[in-house]
Amino acid sequence: MTTDESTVDTNGVHTIERQSLRTRLLTANTFWIGLVLLGLVIVFSVLAPDAFPTVFTAQTLLIETAVLLVLAVGMTFVIITGGIDLSVGSVLIFAGMVSAKTMEAMSPNGNALNAGWDVILVGLVVAIAGGTAWGFLNGFLIAVAKIPPLIVTLGTLGAALGAASLINNGSDIRTVPTELRNTLGYGTSFGGIPNLVLVAVVITAVAAWLLHTTRFGRHTYAVGSNAEAARRSGIGVTRHLTLVYLLTGLLAGVAGFMSLAYYGSTTISAHATDNLNAIAAVVMGGTSLFGGIGSVLGTVIGVFIPAVLKKGFNIVGVQDFWQMIAVGAVLIAAVWFDQQRRRARNRL
Amino acid sequence: MSETANEPLLEASELTKSYGSVEALRGASFEVRAGEVVALIGDNGAGKSTLVKCLSGVEQQDSGEIFFEGERVRMDTPTAARKLGIETVYQDLAVAPELDPAANLFLGRELRLPGFLGRLGMLDKRAMRKRASQEFARLGVTLQSIDVPIGSLSGGQRQSVAVARSVVWASKVVFMDEPTAALGVVQRERVLNVIRKVRDQGMAVVLISHNMPEVLAVADRVEVLRLGKRVARFTAADATLEDLVGAMTGALTQEDAA
């Protein structure tokens, strides 16, 4: 049938119309927060026309956000289920650590700097497996043992960091294969697009597809919106929640490998606030901490708002401590906005 | 009506269920035939909701047996009950408020795209919206648009969607736990009409309600629970309000009902 779906169908039954595109756009959080990001870019471009809107600034901005973006994409799924994952930063470090340690162990004299692609691929698999294992543990404790996500992931936040530190007696591993650093870490493709960014973009696109068009995504929203309704509708809520945390752990594993490639070190002390940055990005992007609402596009915007602020303030010459204050304000405003919307809705 | 219509479609025999030290069901029996509306009534705490939960797979009885079309069945999960064609509308609105009406109608039964993309898990949102708006129109559920979150609808519309969801998917039995509790007069009448329509299609409808005039208006038979047991059975046409209230409060008992 090729006729418009909002007209009368073959049985003469009136079907119900969709909202107009305009209404849908104006009621979407993502639209407004996107305008904020656009506004910031315009303001900084006007203030520093020679320094801000440049290819170099765009490249560094994208590279610096790539790892956080991968973490935040995973966090989006978790928060849509109404949960939280504080452990992503520690899991990232753990994954990088087991990966680096494995690559060292496979190399002569425990020095992986000259390791080839065979060793690097094993390192990638180990990083992903390490992240996935923590994700599964989180998911099992939350979905099966029914311990609150905040507590479980606060526990694994410490445990994963402790385990990572034990592997190399608390010090960083710095012999990351040069080949890996030159390709994934610093390499570019398609005339200047950093490979690290390409990886993040592909992961984000696949995640957006998964969340917005598949049954897995639909069930993620359903579990966050009303877990009991989802259960009664025959959705395997326990299994689904476990998979969502597992997915987030897996992505933290990938992020750990990306971080290894970029920094050339396991950077034990550099990820203490990754979890909060990821949560802030997701929430700023319009995903509701109460579950059931959210989008990957919003998260992308939410990742870039702090990054653009920081870069912009640096270029304009404002102390970047202001960035922290501004991000805090935007974050609180975003949550306030979400709550107002919910209250307005529930009054009906 | 064929002679099989006189056989119970769904029958519970001597169910017991305890939550800790609370005995919710103490040997409760129940039966419903195809093409009839049975009202299940009882005072608060009589065990109505627990009985429905056992019969729809949400809870499992401690002892006693459930028969479906004459065969003994086990209902470990809501999915097992649904496979038999049994659907339930819950009192506490088991809808996902952030999802739109179409998504709620297809919750747990999402249509997937044909071919490879469908095997990857991709949803056929267009087909679901189309089918949903047809079903809502058929059942007289009026909605302004098919893609607003269901939480932004009025209580009556939300309940209508919940009722529609069960009715659309049920093939044998529909349980309705206080389906009209939150509704206004017009919407209540509409839900009752849906109940009659479903009954006339040959389905069995089990209605739990506190509203006695409503029970007498729509039910064919009435079964009364008191303290976890069936204490009386009535044909609605012969029963009076006094009979029902008497049975609920214990003033009236029928020896053969349990």
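The structure presented is a predicted model; accordingly, all values stated were derived computationally and were not measured. (Residues numbered from 1 in each chain as written. Chains lettered and ligands numbered in written order. Predicted model: local features only at pLDDT ≥ 70, side-chain atom pairs only at ≥ 80, totals over all residues. Heavy atoms only, no water.)

Caption draft 1: Region of the structure containing the overall build of chain B. Of the regular secondary structure elements, chain B holds nine helices and ten strands. Taking 18 Å as the expected radius of gyration for a compact globule of 258 residues, we find that chain B reaches 19 Å, a close match to that expectation. Principal-axis analysis of the C-alpha atoms gives chain B an extent of 60 × 45 × 40 Å. Split into buried and exposed, the 258 residues of chain B put 55% on the buried side. Sequence separation of at least 24 residues holds for 63% of the intrachain contacts in chain B that already meet a minimum separation of 6. (Helix = DSSP H or I, 4+ residues; strand = E, 2+ residues; numbered from the N terminus. Rg over C-alpha atoms; globule rule 2.2 N^0.38 Å. Buried < 20%, exposed > 50% of the residue type's maximum accessible area, 1.4 Å probe, protein only. Contact = heavy atoms within 4.5 Å.)

Caption draft 2: Quick look at the pairing of strand β1 (residues 10-19) of chain B. Residues and elements named next belong to chain B. Here five bridges tie β1 to strand β4 (residues 63-68), and the two strands are oriented antiparallel to one another. From the neighbouring strand, Leu-10 faces β4, where its bridge partner is Phe-68. Where β1 lies against strand β2 (residues 22-32), eight bridges are found, and the strand directions are antiparallel. By the bridge assignment, Tyr-19 is partnered in β2 with Val-22. Counting the residues that bridge the hairpin from β1 to β2 gives two residues, and of these Gly-20 lies at a positive phi of roughly 60°. (Pairing = 2+ DSSP bridges.)

Caption draft 3: Representation of the sheet that holds strand β6 (residues 86-89) of chain B within the structure. Residue and element names in this part refer to chain B. Strand order across the open sheet formed by six strands is β6-β7-β8-β3-β9-β10, with mixed pairing between neighbours. The outermost strands of the open sheet, each flanked by one partner alone, are β6 and β10 (229-235). Adjacent strand axes in the sheet meet at a mean angle of 20° when their direction is disregarded. For strand β3 (residues 37-41) and strand β8 (residues 204-208), the ladder comprises four bridges, and the chain directions are parallel. The partner of Ala-39 across the bridge, within β8, is Leu-207. Here helix α6 (residues 155-169) sits on the sheet and contacts β6 and β7 (173-177); the angle it forms with β6, its principal contact strand, is near 175°. (Axes fitted to C-alpha atoms, helices over the stretch in contact; angles between N-to-C directions.)

Caption draft 4: Inspection of the packing of aromatic side chains at higher detail. Residues and elements named next belong to chain A. Under the counting rule described, the total for this entry stands at nine aromatic pairs over all chains. Ring geometry for Phe-44 versus Phe-313: centroids 5.7 Å apart, planes at 85°, classification edge-to-face. Note that Phe-44 is positioned in helix α2 (residues 29-47) and Phe-313 in helix α13 (residues 296-316), a separation of 269 residues in sequence. Of the residues examined, Phe-44 reaches a relative accessible area of 5% and is grouped as buried. Judged by centre distance (6.4 Å) and plane angle (45°), the ring pair of Phe-77 and Phe-216 falls under tilted. Of the two residues, Phe-77 is situated in helix α3 (residues 55-80) and Phe-216 in helix α9 (residues 215-225); the sequence distance between them amounts to 139 residues. (Phe/Tyr/Trp six-rings, centres within 6.5 Å; stacked < 30°, edge-to-face > 60°.)

Caption draft 5: Examining the pairing of β8(B) more closely. All names here are of chain B. Here β8 lies mainly inside the structure; five of its five residues are buried. Going residue by residue along β8, you find Ala-204, Val-206 and Ile-208 tucked away on one face and Val-205 and Leu-207 tucked away on the opposite face as well. Here β7 runs beside β8; their pairing, made up of five bridges, is parallel. Looking at β8, one finds that Met-176 is bridged to Leu-207. Between the parallel pair β7 and β8, the chain is carried across by helix α7 (residues 185-200), and the sense of this crossover is right-handed. (Right-handed = clockwise from strand over helix to strand, strands pointing away.)

Caption draft 6: Fine view of the pattern of salt bridges. Using the criterion set out here, one finds 21 salt bridges over all chains in the structure. A:Arg174 is the salt-bridge partner of A:Asp172, the closest N and O atoms lying 3.9 Å from each other. By relative accessible area, A:Arg174 is classed as exposed at 58%. We note a salt bridge from B:Arg196 to B:Glu189, for which the minimum N-O separation is 3.7 Å. (Salt bridge = Lys/Arg side-chain N within 4 Å of Asp/Glu carboxyl O.)

Caption draft 7: Quick look at a nonpolar patch on the surface. Residues and elements named next belong to chain A. A cluster of nonpolar residues, Trp-32, Leu-35, Leu-38, Ile-42, Val-46, Trp-336 and Phe-337, forms a patch on the protein surface that exposes about 730 Å² of accessible area. Among the secondary structure elements, those contributing two or more residues to the nonpolar patch are α2 and α14 (321-347). Of all the elements, α2 adds the most residues to the nonpolar patch, at five residues. (Patch = residues over 30% accessible without salt bridge, like charges linked within 9 Å, V, L, I, M, F, W, Y side chains within 5 Å. Areas by Shrake-Rupley, 256 points an atom, 1.4 Å probe, with all protein chains shown as cover.)

Caption draft 8: Just the nonpolar core, in detail. Ranked by internal contacts, the top residues of the largest apolar core, which has 97 residues, are A:Leu180, A:Met258 and A:Ile305. Take this core: its biggest share by element is 15 residues, from α3(A). Excluding residues that lie within four positions of it along the chain, A:Leu180 makes contacts with A:Met103, A:Ile120, A:Gly185, A:Phe257 and A:Ala261. By size, the runner-up hydrophobic cluster in this structure holds 52 residues, among which are B:Met128, B:Val161, B:Trp169 and B:Leu244. (Core = buried A, V, L, I, M, F, W, Y, C linked by side-chain atoms within 4.5 Å.)

Caption draft 9: How the structure looks around the UniProt feature "transmembrane region" (unreviewed entry) in chain A. UniProt records the feature "transmembrane region" (unreviewed entry) at residues 25-47, 67-98, 119-144, 150-169, 190-211, 243-264, 276-309 and 321-337 of chain A, using the numbering of this structure. In residues 119-144 of chain A, the share of helix is 100% and the share of strand is 0%. The end C-alpha atoms are 36 Å apart. (UniProt positions renumbered as here; feature names shortened; annotations may be inferred.)

Caption draft 10: Local environment of the interface of chain B and chain A. Facing the 44 residues of chain B at the interface are 36 residues of chain A. Together, the buried faces of chain B and chain A total about 3400 Å²; carbon and sulfur atoms form 52% of this surface. Area buried by chain B at its contact with chain A is led by B:Glu98, B:Lys130 and B:Asp147, which between them contribute 16% of it. Linking chain B with chain A are zero salt bridges, by the criterion used here. Applying the counting criterion to the chain B and chain A interface returns eight residue pairs in polar contact (both at pLDDT 80 or more). Of all the secondary structure elements, the ones that give two or more residues to the side of chain B that touches chain A are α2 (78-83), α5 (125-138) and α6 of chain B. Tallying contributions element by element places α5(B) first for the side of chain B that touches chain A, with ten residues. In the side of chain B that touches chain A, the residues fall into 21 nonpolar, nine polar and 14 charged. (Buried area = accessible area lost by both parts, 1.4 Å probe. Polar contact = N/O pair within 3.5 Å; in protein donor to acceptor, adjacent residues only side chain to side chain. Nonpolar A, V, L, I, M, F, W, Y, C, P; charged D, E, K, R; others polar.)

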